[in-house]
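Descriptive analysis of the structure
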Amino acid sequence: MQSNMGYSSLFVLVIFIQLGSSMVVFGSDFNKDFNIVWGDGRGKILNNGEILSLSLDRISGSGFQSKNEYLYGKIDIQLKLVPKNSAGTVTAYYLSSQGSAHDEIDFEFLGNLSGEPYTVHTNVYTQGKGEREQQFHLWFDPTSDFHTYSILWNLNTIIFSVDGTPIREFKNMESKGVPFPKNQPMRLYSSLWNADQWATRGGLVKTDWTLAPFIASYRGFSAQMGPFLSQELDSTGQQRLKWVQNNYMIYNYCTDSKRFPQGFPTECTAT
């Protein structure tokens, strides 16, 4: 999900890498850490900066972006997704740099009819190229309460986690010729928008505008570093990752032979 929003101040976390400190760099006040950048009032910061909400109606969605950029670390945010019939809506939460050769690390939450599960869509872009989609269902209702969605990004790996449980790992395989995001600081973005041409059952189910406005809520943002800069999954983390992928993964580009008839991408077969 590439954004057209311009740069503001650049905050390079490498400064803290050199200091070797473990610290929370940002957190807790959305007024200090984020700007609502589109939506004409549909995005709101509430409760003295503790809560941020995005709204979608027939006219427009809304979105925000971080005031600062990040180069490595662990990003956490708590999110309560659009409840009930959310078909056609997409809530996106991602890190991205700028330009045609941008890097990007994506969470996207694809809405569904009441009682049907959300689809968690993940992707990794390097140097402007994505097409590394993995999709999951969740083992809980993500609309009834806040849950923590995390991106850990360091020189060795990118790990997507939900409530501390890893769901996906994208390892640094530059030694095998696979590009890896490592040099471009990224800003955090989130948006709520209508994508009923593709989001739910390939576009067969459309957004029911009689239910608008659709609202997603955020709290508990933090950006950390220190020990996360060299962290990888331990044996317990690997077991939890395998559990999720065995039970809740619904799409993996690395097994889509129809999509890659000439052979899978290198990272799918490298060990």
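For the structure, see preceding data.
Heads up: these notes are all about the structure in this document. (Residues numbered from 1 in each chain as written. Predicted model: local features only at pLDDT ≥ 70, side-chain atom pairs only at ≥ 80, totals over all residues. Heavy atoms only, no water.)

**Points about the layout of surface pockets**
Defined as follows: The way it works is a 1 Å grid over only the protein atoms, where trapped points that fit a 1.4 Å probe form a cavity and open points with protein on both sides within 12 Å along at least five of seven lines form a pocket, and then any residue with an atom within 4 Å of a point lines it. Grid points are joined across faces, edges and corners, and a volume is the space filled by probe spheres set on the points. Each helix is a run of DSSP H or I of at least 4 residues and each strand a run of E of at least 2, with the numbering of both proceeding from the N terminus. The residue classification treats Ala, Val, Leu, Ile, Met, Phe, Trp, Tyr, Cys and Pro as nonpolar and Asp, Glu, Lys and Arg as charged. All others, Gly included, are polar.
Space inside the largest pocket adds up to approximately 490 Å³. When residues of the lining of the largest pocket are traced back to their parent elements, those giving at least two are strand 13 (165-171), helix 3 (235-247), strand 16 (249-252) and helix 4 (266-269). In terms of residue count, helix 3 provides more of the lining of the largest pocket than any other element does, five residues in total. Looking at the lining of the largest pocket residue by residue, the classes come out as eight nonpolar, seven polar and five charged. If you add up the space inside the second largest pocket, you get close to 230 Å³. Around the second largest pocket, the lining comprises 16 residues; the ones closest to its centre are Ser161, Gly164, Pro166, Gln231 and Leu233. In terms of residue class, the lining of the second largest pocket is made up of four nonpolar, seven polar and five charged.

**Focus: the state of the cysteines**
What we call a disulfide is simply a covalent bond connecting the sulfur atoms of a pair of cysteines. For the record, the criterion: The disulfide criterion used throughout: a pair of cysteine sulfur atoms within 2.5 Å.
Enumeration over the complete set of coordinates arrives at one disulfide. A sulfur-sulfur separation of 1.9 Å characterises the disulfide bridge that pairs Cys254 with Cys268. What sets the handedness of the Cys254 and Cys268 disulfide is the S-S torsion sign, and at about -75° it is left-handed. Placement of Cys254 in the loop between strand 16 and helix 4 and of Cys268 in helix 4 is noted, with a sequence separation of 14 residues between them.

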